[in-house]
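Close look at the chain arrangement
Single-letter residue listing:
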Amino acid sequence: MSLPKPYTDFKEYFPELAQAFEKLGVLCKDAGPLDARSARLVKLGMAVATGSRGGIKSQARRALGEGFTVDELRHAAVLALPSIGFAPIIAAIGWINEVAGEAA
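So, here is what we can say about the structure in this document. (Residues numbered from 1 in each chain as written. Predicted model: local features only at pLDDT ≥ 70, side-chain atom pairs only at ≥ 80, totals over all residues. Heavy atoms only, no water.)

Some words on the overall build of the chain
Under the convention used in this document: Secondary structure follows DSSP: runs of H or I at least 4 residues long count as helices, runs of E at least 2 residues long count as strands, and numbering of each begins at the N terminus. Contacts were defined at the residue level, with two residues in contact if any of their heavy atoms lie within 4.5 Å. Areas reported here follow the Shrake-Rupley algorithm with a probe of radius 1.4 Å; residue values treat only the protein chains shown as occluding.
Check the secondary structure of the chain and you find 7 helices and 0 strands. Shown N-terminal to C-terminal, the secondary structure of the chain runs as helices and strands in the order α-α-α-α-α-α-α. Projecting the C-alpha coordinates of the chain onto the three principal axes gives extents of approximately 40 × 30 × 25 Å. Restricting to contacts in the chain with at least 6 residues of sequence separation, those with at least 24 account for 52%. Surface accessibility of the chain: about 6900 Å² in total, with carbon and sulfur atoms responsible for 64%.

Here you go:
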């Protein structure tokens, strides 16, 4: 999986900040009892809830690489429907489908 150019540019311009950010991610992951699979779905759900196209696509790419099915990712997005509404879910599922198409 390759990183998006804006992030690799950020790492080039601000290497210490990027390193601290990546360490923070590891510390957050290790801070509690959730297994890696649950944590990935939580991260996808947060990306869906915030409407983050890049976040949704990134989490979907990672999840597919970790063995999740596209149906599992779509279901994770649909769980947010009562909370955030129809239009954001349609967008999220579209971005998940784009990633699945790229992976196929």
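Observations concerning the environment of Phe21
The residue Phe21 is located in helix H2 (residues 15-30) in this model. Note: C-alpha distance between Phe21 and Pro88 (67 residues apart in sequence) is 27 Å.

A few points about the nonpolar core
Note the following rule: For our purposes a nonpolar core is just a set of buried Ala, Val, Leu, Ile, Met, Phe, Trp, Tyr and Cys residues, chained together by side-chain atoms within 4.5 Å. Categorising residues by exposure relies on relative accessible area from a 1.4 Å probe, with only protein chains included: less than 20% of the type maximum marks a residue as buried, more than 50% marks it as exposed, and the intermediate range marks it as partly exposed.
Counting residues in each nonpolar core, the largest one holds 17 residues, and the members touching the most others are Leu44, Val48, Ile56, Leu73, Ala77 and Ile96. The greatest single-element share of this core, amounting to 6 residues, is contributed by helix H7 (residues 86-103). Other than its neighbours up to four places away in sequence, Ile56 contacts Leu44, Ala47, Val48, Ala92, Trp95 and Ile96.

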